[in-house]
Amino acid sequence: MKDKKTLVSIIVLLVLFLPMGIYGTVYHFQNKSVLIDDNPNQEFIYKNKVYYYQGGNLVSTYKCESECSPVASEIKDNTYGIHYYKRGTNEPLQILNDGYAVFTDGTQGVLYNFVLESVILNFEAVKTYNVEHTSPIMIISAAGKMGVVSLETMTPVVPIDYDFIGIPNRAANGVLDTSRFIAKNGMYWYVLESDGTYNHEPFRETIVDFNNNYVIVENMGLYKIYDYTIERNEYLKDAGLKGAYCVGDYVIVILPNNTLSVYKNFDEAPIETKVLEEYTDIDFEFLGNKIDIYLDNNLKESVVLD
């Protein structure tokens, strides 16, 4: 009789409390996935959280461990004298594509997947040259090495194994050609293709510029121009070049007396020669039908092309 009363009591308790337990569990999991949007202007970073929206709706957030901020392009190409694009004004992208974003958390860069709520990659620095690219890539530094990450697949297309990676000023009409890279590994220099391969013997001298036909190296302030052949032919060998630059399919050379010449092919005479005034810094803008020449950030000359 006593066992019967105990059984009845257990059944009554189950009837009373089991629904409450189920309700509590369901309520917990339902509310766990509900995001509270306390970001009135839908800013990317707000109150030390990173927010990701789609169609105006909050999808996910990242709680910063330190202080979060947008990434900035860090360019140290002057260390090796690379002829890089200097007039970029675009800030690096924050939202890269569906669900991915980059930002810094303290001193650490973060490539984050908001859909999976997971860190894809940590990095120390990013380099974009603050200009539009022909292909969506990002040069990154991680653990003291550099590589190239595709912003389509979010995976390295050039392994993060190099001491240096950069892109010379291969811009046309304000868009930088990001299909090839200058890279250094140990004592050797390379022109890398977009998949990280190279089609030449490594150089021991610093590569500062290149185009499809020629490679420009620098050593102790002297410039040399080579082709990509196995023989590695050198051009204008005894000219004592003060400067040499690849601009589109053209090569611009400057002699010690500031005489500038523009070549399309070294088997032919230069297409134009000019004498420049004295300058500290020189830069070029390739605009398809002409090349603008900047001296100390001021437009001084133009070369009209065929």
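A brief report on the enclosed structure follows. Predicted model, so just to flag it, every value in this text is computed and none were measured. Starting from 1, residues in each chain are numbered consecutively following that chain's sequence as written. Only residues with pLDDT of at least 70 are given local features in this predicted model, and only at 80 or more are side-chain atom pairs given and counted; all residues enter the totals for whole chains, interfaces and linings. Based on all heavy atoms of the structure, the side-chain values leave hydrogens and waters out of the count.

## Examining the pattern of salt bridges
What makes a salt bridge here is a side-chain nitrogen of Lys or Arg within 4 Å of a carboxyl oxygen of Asp or Glu, nothing more. Here the structure, examined in full by the defined rule, presents 13 salt bridges. Salt-bridge contacts for Lys86 lead to Asp281; the nearest nitrogen and oxygen are separated by 3.0 Å. Of this pair, Lys86 sits in the loop between strand 4 (68-69) and strand 5 (95-97) while Asp281 is found in the loop between strand 26 (272-275) and strand 27 (282-286), placing the two residues 195 residues apart along the sequence. Throughout, exposure labels follow a simple rule: accessible area from a 1.4 Å probe, protein chains only, divided by the maximum for the residue type, with under 20% read as buried, over 50% as exposed, and the rest as partly exposed. Lys86 gets classed as partly exposed once you look at its relative accessible area, which sits at 36%. A relative accessible area of 27% places Asp281 in the partly exposed class. For Lys300, the salt bridge goes to Glu277, with nearest N and O atoms at 3.8 Å. Taken together, the residues Lys300 in strand 29 (residues 298-304) and Glu277 in the loop between strand 26 and strand 27 connect sequence positions 23 residues apart. Here a helix means four or more residues in a row that DSSP labels H or I, a strand means two or more in a row labelled E, and each is numbered from the N terminus.

## Remarks on the state of the cysteines
Here, the term disulfide refers to a pair of cysteine sulfur atoms separated by no more than 2.5 Å. For the structure on display, the rule yields one disulfide. Between the sulfur of Cys64 and that of Cys68 lies a disulfide, 2.1 Å long from S to S. Since a negative S-S torsion denotes a left-handed disulfide, the Cys64-Cys68 link at about -120 degrees is left-handed. With respect to burial, Cys64 and Cys68 carry one shared label: buried.

## As for unusual backbone geometry
Where the residue is not glycine, phi is negative for most of them; where a peptide bond is considered, it is trans in most cases. If you check the backbone angles, Arg232 has positive phi at about 50 degrees while not being a glycine. Positive phi is not limited to glycine here, since Asn297 has a value of about 70 degrees. Assignment of secondary structure puts Asn297 in the loop between strand 28 (290-295) and strand 29.

## Considerations on the sheet that holds strand 24 (residues 250-254)
Taken in spatial order, the four strands of this open sheet run 23-24-25-26, and their pairing is antiparallel. Two strands close off the open sheet at either side, each with one partner strand: strand 23 (243-247) and strand 26. Across this sheet, the average inter-strand angle for adjacent strands is 15 degrees, counted without regard to direction. In this scheme, strands are said to pair when DSSP sees at least two bridges between them. To get an axis, a line is fitted to the C-alpha atoms, and for a helix only the part in contact is used. The angle between two axes follows their N-to-C directions and goes from 0 to 180 degrees.

## Looking at the packing of aromatic side chains
Each aromatic pair joins two rings of Phe, Tyr and Trp (for Trp, the six-membered one) with centres within 6.5 Å, and gets the label stacked for planes under 30 degrees apart, edge-to-face for over 60, and tilted for any other angle. Evaluation of the coordinates by the stated rule reveals 18 aromatic pairs. For the ring pair Tyr214 and Tyr235, a centre distance of 5.4 Å and an interplane angle of 85 degrees mean the geometry is edge-to-face. Residue Tyr214 is found in strand 20 (residues 214-219), and its partner Tyr235 is found in strand 22 (residues 234-235); the two are separated by 21 residues along the sequence. Just above the ring of Tyr294 sits the side chain of Arg87; from NZ or CZ to the centre is 4.6 Å. Definition used: whenever NZ (Lys) or CZ (Arg) falls within 6 Å of the ring centre and also within 35 degrees of the ring normal, the charge is taken to sit over that ring. Above the plane of the ring of Phe203 lies Arg232, whose end atom (NZ or CZ) is 3.6 Å from the centre.

## What about the side chain of His83?
The topology assignment puts His83 in the loop between strand 4 and strand 5. On the accessibility criterion, His83 (11% relative accessible area) is buried. There is a polar contact of 3.5 Å between the side chain of His83 and the backbone oxygen of Ala244. His83 has contacts with Pro168, Asn169, Val208, Asp209, Tyr223, Ala244 and Tyr245, leaving out every residue within four places of it along the chain. Pairing of N or O atoms within 3.5 Å defines a polar contact, subject to two protein rules: one partner must be a possible hydrogen donor and the other a possible acceptor, and residues neighboring in sequence count only if both atoms are side-chain atoms. Note on contacts: a residue pair is in contact if any heavy atoms of the two residues lie within 4.5 Å.

## Observations regarding the sheet that holds strand 22
Pairing in this open sheet of four strands is antiparallel, and the strands run 19-20-21-22 from one edge to the other. For this open sheet the edge positions go to strand 19 (206-210) and strand 22, each flanked by a neighbour on one side alone. Of the pairings in the sheet, the one linking strand 21 (residues 222-227) to strand 22 comprises two bridges and is antiparallel in character. By the bridge assignment, Ile225 is partnered in strand 22 with Tyr235.

## Topic: the nonpolar core
Put simply, buried Ala, Val, Leu, Ile, Met, Phe, Trp, Tyr and Cys residues joined by side-chain atoms within 4.5 Å make one nonpolar core. Judged by nonpolar contacts, the single largest core of 30 residues is most densely connected at Ile139, Ile165, Phe181, Ile207 and Val215. Broken down by secondary-structure element, the contributors of at least two residues to this core are strand 11 (137-142), strand 12 (145-150), strand 13 (156-162), strand 14 (164-166), strand 17 (181-185), strand 18 (188-192), strand 19 and strand 20. Looking at this core element by element, the count peaks at four residues for strand 18. When neighbours within four sequence positions are excluded, Val215 is seen to be in contact with Val191, Phe203, Ile207, Asp209, Phe210, Lys224, Ile225, Tyr226 and Tyr228. If you look at the next biggest cluster of nonpolar residues, it comprises 17 residues, including Tyr245, Ile252, Leu260 and Ile293.

## Some remarks on the pairing of strand 12
Where burial is concerned, most of strand 12 is hidden: five out of the six residues are buried. Direction of pairing for strand 11 relative to strand 12: antiparallel, over a ladder of six bridges. Paired with Ile140 across the bridge in strand 12 is Gly147. Hairpin connection from strand 11 to strand 12: two residues lie between these consecutive antiparallel strands, with Ala143 at a positive phi of about 55 degrees. In terms of strand pairing, strand 12 meets strand 13 through three bridges, oriented antiparallel. When the sheet's bridge partners are listed, Val149 is paired in strand 13 with Pro156. The hairpin formed by strand 12 and strand 13 contains five residues between the paired strands, and Met154 there has a positive phi angle of roughly 60 degrees.

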